[in-house]
Amino acid sequence: MARPRKPWHRKSRNAWFVEIEGKQHNLGPDKEEALRQFHALMAKAPEKPGSGSVAAMLDAFLVFSGEHKAEATVDWYQGYLQDFLDYLKTTRRPPGAMSPECERRLNSTAPGARIV
């Protein structure tokens, strides 16, 4: 379970820590200084995700797979992902827009229910 976004004291290391974006930061042994560092970390602008396209990300995945997977596996990935890209080209929706089917399912399910 993720820790809340506030400093906590780790007794075994005699230091204050905080977890931000999945990374733990050692804030030091002094509580007051740890709080100052925590506020400085929280004030920083969040890192922007890569601005690459889906196609560029999938190409990078195929290159990585080519170096680490069997040739037959990479060939299968290539065909599957090309079909996916072709599908994306035919369904031009603004980012964040849901299909009517997705919207219907979300509106018809109880809070916390799994959508399958």
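Since this is a predicted model, take the numbers as computed values, not measurements.

1. A few points about the overall build of the protein chain
Each helix and strand counted, the protein chain has 4 helices and 3 strands in total. With 116 residues in all, the protein chain has 17% of them scored as buried. Counting contacts in the protein chain only where the partners sit at least 6 residues apart, residues at least 24 apart contribute 15% of the total. Just so you have it, the protein chain exposes about 9700 Å², and 56% of that area is on carbon and sulfur atoms.

2. Things to note about the pairing of strand S2 (residues 15–20)
Across the 6 residues of S2, 5 count as buried, placing the element largely inside the fold. Pairing analysis gives 3 bridges linking strand S1 (residues 8–10) to S2, with the strands arranged antiparallel. Bridge pairing links Arg10 to Ala15 in S2. The antiparallel pairing of S1 with S2 creates a hairpin that spans 4 residues between the two strands, and Asn14 there sits at a positive phi of about 50°. Bridging between S2 and strand S3 (residues 23–28) involves 5 bridges; their strand directions are antiparallel. Within S3, the residue paired with Phe17 across the bridge is Asn26. Between S2 and S3, which pair antiparallel one after the other, the connecting turn spans 2 residues, and Glu21 there sits at a positive phi close to 55°.

3. Things to note about the nonpolar core
If you look at the biggest cluster of nonpolar residues, it comprises 6 residues: Trp16, Val18, Ile20, Leu27, Ala34 and Phe38. Those elements giving two or more residues to this core turn out to be S2 and helix H1 (31–43). Counting residues per element, this core draws most heavily on S2, which supplies 3 residues. In this structure Leu27 touches Pro7, Trp16, Phe17, Val18, Ala34, Gln37, Phe38 and Leu41, once residues within four positions along its chain are discounted.

4. Side note on the packing of aromatic side chains
Going through the model one piece at a time under the given rule, you end up with 4 aromatic pairs. A centroid spacing of 5.1 Å and a plane angle of 45° characterise the contact between Phe61 and Tyr77, whose relative ring orientation is tilted. A residue pair is termed long-range when its members are at least 10 positions apart, and Phe61 in helix H2 (residues 54–68) and Tyr77 in helix H3 (residues 71–90) qualify at 16 residues. Linked through ring pairs, Phe61, Trp76, Tyr77 and Tyr80 together constitute an aromatic cluster. Cation over ring: Arg10 sits above Phe17, and NZ or CZ is 4.4 Å from the ring centre.

5. Topic: the confidence of the model for the protein chain
Across the protein chain, the average pLDDT comes to 80, with 71% of residues at 70 or higher. Averaged pLDDT values for the elements of the protein chain fall to 68 in helix H4 (residues 100–108) and rise to 93 in S1.

How each quantity is defined
- Residues numbered from 1 in each chain as written.
- Predicted model: local features only at pLDDT ≥ 70, side-chain atom pairs only at ≥ 80, totals over all residues.
- Heavy atoms only, no water.
- Helix = DSSP H or I, 4+ residues; strand = E, 2+ residues; numbered from the N terminus.
- Buried < 20%, exposed > 50% of the residue type's maximum accessible area, 1.4 Å probe, protein only.
- Contact = heavy atoms within 4.5 Å.
- Areas by Shrake-Rupley, 256 points an atom, 1.4 Å probe, with all protein chains shown as cover.
- Pairing = 2+ DSSP bridges.
- Core = buried A, V, L, I, M, F, W, Y, C linked by side-chain atoms within 4.5 Å.
- Phe/Tyr/Trp six-rings, centres within 6.5 Å; stacked < 30°, edge-to-face > 60°.
- Lys NZ or Arg CZ within 6 Å of the ring centre and 35° of its normal.
- pLDDT = per-residue confidence, 0-100.

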